[in-house]
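For reference, the chains in residue letters:
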Amino acid sequence: MILRLRILAWPLAVLAGLAMAATLSGRQVAGPASSAQPAPQISPVTFNRDIAPIIYHSCASCHRPGEAGPFSLLTYSDVKKHARQIAEVTQARTMPPWLPEPQELKFADEMRLPDAQIALIQKWVEQGAVEGNPADLAPLPKFTEGWRLGEPDLILKVEKPLVLPPQGTDTYWNFIFHVPIEKTSWVKAVEIRPGDKRYVHHANILVDREGLTRRRESEPGAGFGGMEIRIESEVFDPDSHLLFWKPGTVPYVEPEGMALRLDKGTDLVLNTHLQPSGKPEIIQPSIGLYFTPHPATKLPMLLQLENDVKLDIPPGQKNFVVTDEFTLPVSVALLAIYPHAHYLGKDIQAFATLPDGTRRTLIHIPGWNLNWQAVYRYEEPVSLPQGTVVSLRYVYDNSEENALNPNHPPARVRGGNRSSDEMCHLWLQVLPVDYDIARGDPRMVLQEALARHNVGKNPGDFEAHYNLAAMLQARGKLDDALGEYTAALRLRPDDATANNGMGAALLAAEQPDKATPYLLAALKSRPDYFDAHYNLGYALISQNDFEGAAMQFRLALQVHPEDAKAEANLGSALAEMGRFAEAKTHLERALQIDPSLSWARDNLEELNHRRN
Amino acid sequence: MVPQGALRRRPRSSPSLTLRLCVPVLLCILGVTGYAQRGAEDLEGRQADPRAVAGGKIVALVFVRTDCPISNRYAPTIQRLSAQYADKAQFWLVFPDKDETPASIKKYLRDYGYKLPALRDPRHALVKLSLAHVTPEVAVFSAGGQLTYHGRIDNWYESFGHARPAPTTHDLDDALRATLVGKAVAQNDVRGVGCYISDLE
């Protein structure tokens, strides 16, 4: 029998590129003829010759009808009507939205305008925004309409759209999508269409395999509010991808072996950041899924560095620094990075110090802006050998000078989930390389090291104790695991997951009588908790309480009717009670669901043998 | 009343912007028919004079564009202030983009739930009289026709892409209150953040 392990992690969602230029249908837009040098004095900068190529390449994919830009920039007239504004926002580097400084490690799909292009736009506006010779104007790029990757294999659409009020502060809303699939499927690409792109600042997909988030809806399909949500996930779920959308994002097909698993009953939760527009807006997101027959073979992992416990920022403090350092226990290839802070975040940096002492900047955002947060994918995977120290350094501004400060006048701000709280998070999507499988799944080595690191930093970190316990349990260190579960339960005595974990560890340690009270406590907190019913059923079987066990497996099956193991265990419990006919039905059904369940087959044969 | 010479000009940070330094005094003292003839139109295409129907109220001209996301986001604020001062101040929405048709403006008013009269200002007559630079900005005129305030509604926007969770100044509200009691507006020229009207010339 399998005892289920769960890992608690900040939910995360998958790597979508931020490619803008990729929509330009293969036609490489040449940089302006004069991009290296400002145009010579004698010939004025013209839209047709000099400016249109910049606009078409770097602005028009969003600034066109149906996209995120609030107005179109497709013609001379469009651009002329916003000329000074364009000069100002490009000069300030507000547009195109690209926060990181240039660095040695290049990001894919960088949207940063070269200095020379910014200077050229300035000059064009100063000279009166001249149109120029129509013959100089290159044709408009051909943009892909509709789904960027073609018609998806499966389209999920929110049934009840959200009506975004015309005014008020930004809204954080979660839409729940049920995935109507009958068997486990592998997804190679996810395209997020967030509804009206003009009002959605960003969106993240989280995978909910247990239907846990639905409990937060006032009625089915209504969705629920909240900026940061946590979803309990299986180990390394959702297959360690970051599913992210922001204006300009173009969906990204994962390389072979990096598919995302979806099971029957899985929900996808779209966490959105919405900005009121001045009038009521209907927000009705949809998600397109593209399947692959190839299951995941690679073992990527999301490493989440954080130091929220250090966030206690006094009012007026202009430069509040939080750091963290984590030493990699295995060699990895770094694929992508996703820094996250709220409105006080000012200067965000992450760097790696290699074992040979080389220091490499992983990302530096000197002007953090939550509204433009993004997942950044590296152009090439970054090699970080075992022993590399990954460091983060975030600076926060809680003074009146920070216009985005949620408090006026400034107030003490601590770490937390609300947008008025602060965060210090950094996700790294890594692929372990050159590992010795004898040391175990490298992701578990990483997870255990990270959990240990977090416990050391903050003994009050429930998730860290829990995750450490789960990792210790997974590699058979039951005594140590029990110690960590105990520490986690001291922090949250009623937590269903931790109680279930404790129960499961005691079962593994062959102490079913001790496990029972924890499993009951888990079920008291969460009555429809499949794992706890299943584990309690197992505990009761071990104590020869077959009737009680059968009831627990039936309750488990009410939650997951298609679970072959619960079905088989129900059959086995009934067999122990001598109810052979019923037992046979359940064992046969279990084998129908999962013909590879060999112990169920053995039990069925044994049953037939005994009946004869 | 503030003598017009006392209108304060803020130094401007962006070198790309042309600085209009002097304020022509005469333009700011409006005759009753002074600016109607300069080309503002109502949505039926008739010459319109915001003062003519003000009935002794003070006048607030609010410059907006249908395609300016910042002035769009201000719609509820503009509605709220105009309702709050309905008895004492006549609000007008002024659309300075000559390409915005009466039909597109009418649709816009419906979409945003505006209950304010609207004017087109294709030749920027009202823009010039009001010293408006961006949408949204507001000009407040006393019942005597004098420009008492021009500039932002409040400080919600710090710059493009940087909006406060809520404004911490209420410039238009302050200006209306002062103008109603005949007091000088303390800060009578505060540049707004928004879409440049000069881009429409």
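Fair warning: this is a prediction, and the values are worked out from it, not measured in the lab.

Undergrad: In this structure, what is going on with the confidence of the model for chain A? I would like to understand it.
TA: For residues with low pLDDT, the predicted coordinates do not support detailed interpretation. Mean pLDDT over chain A works out to 88, with 92% of the residues at or above the 70 mark. Across residues 1–36 of chain A the pLDDT falls below 50, and counting only partners more than four positions away or on other chains, this stretch makes 147 contacts in the model.

Undergrad: What is the right way to read the environment of B:I105 from this model?
TA: Residues and elements named next belong to chain B. Tracing the backbone shows I105 in helix α4 (residues 102–111). Exposure remark for I105: the relative accessible area of 0% places this residue in the buried category. Through-space distance from the C-alpha of I105 to that of K183 is 35 Å; in sequence the pair is 78 residues apart. Here I105 is in contact with L43, F95, E100, A118 and R120, once residues within four sequence places are set aside.

Undergrad: Is there a simple way to think about the interface of chain A and chain B in this case?
TA: Note on interface size: it is often stated as the accessible area lost on association of the parts. Between chain A and chain B, the residue contacts involve 30 residues of the former and 30 residues of the latter. Contact between chain A and chain B buries roughly 2700 Å² in total, counting both sides, with carbon and sulfur atoms accounting for 51%. Remark: the boundary between chain A and chain B carries two salt bridges. Between A:K81 and B:D99 there is a salt bridge, with the nearest N and O atoms lying 3.0 Å from each other. Joining chain A to chain B, the criterion identifies 14 residue pairs in polar contact (both at pLDDT 80 or more). The element best represented in the side of chain A that touches chain B is helix α3 (residues 83–91) of chain A, accounting for six residues. For the side of chain A that touches chain B, a count of residues per class yields ten nonpolar, 14 polar and six charged.

Undergrad: Quick question: what am I supposed to make of the sheet that holds strand β4 (residues 171–178) of chain A here?
TA: In a beta sheet, neighbouring strands are held together by backbone hydrogen bonds and run either parallel or antiparallel to one another. Residue and element names in this part refer to chain A. Strand order in the open sheet made by the five strands is β7-β4-β11-β6-β9, with antiparallel pairing throughout. If you trace the sheet from one side to the other, it starts and ends with β7 (224–225) and β9 (243–245), each paired once. Summarising the sheet, strand β6 (residues 200–208) and strand β11 (residues 267–274) pair through eight bridges and their orientation is antiparallel. For H202, the partnering residue across the bridge sits in β11 and is H273.

Undergrad: How should I be thinking about the side chain of A:T292 in this particular structure?
TA: Residues and elements named next belong to chain A. Structurally, T292 can be placed in strand β13 (residues 286–292). From its side chain, T292 meets the backbone nitrogen of H294 in a polar contact 3.1 Å long. Not counting chain neighbours up to four residues away, the residues in contact with T292 comprise W186, V187, K188 and A259.

Quick notes on the rules
Residues numbered from 1 in each chain as written. Chains lettered and ligands numbered in written order. Predicted model: local features only at pLDDT ≥ 70, side-chain atom pairs only at ≥ 80, totals over all residues. Heavy atoms only, no water. pLDDT = per-residue confidence, 0-100. Contact = heavy atoms within 4.5 Å. Helix = DSSP H or I, 4+ residues; strand = E, 2+ residues; numbered from the N terminus. Buried < 20%, exposed > 50% of the residue type's maximum accessible area, 1.4 Å probe, protein only. Buried area = accessible area lost by both parts, 1.4 Å probe. Salt bridge = Lys/Arg side-chain N within 4 Å of Asp/Glu carboxyl O. Polar contact = N/O pair within 3.5 Å; in protein donor to acceptor, adjacent residues only side chain to side chain. Nonpolar A, V, L, I, M, F, W, Y, C, P; charged D, E, K, R; others polar. Pairing = 2+ DSSP bridges.

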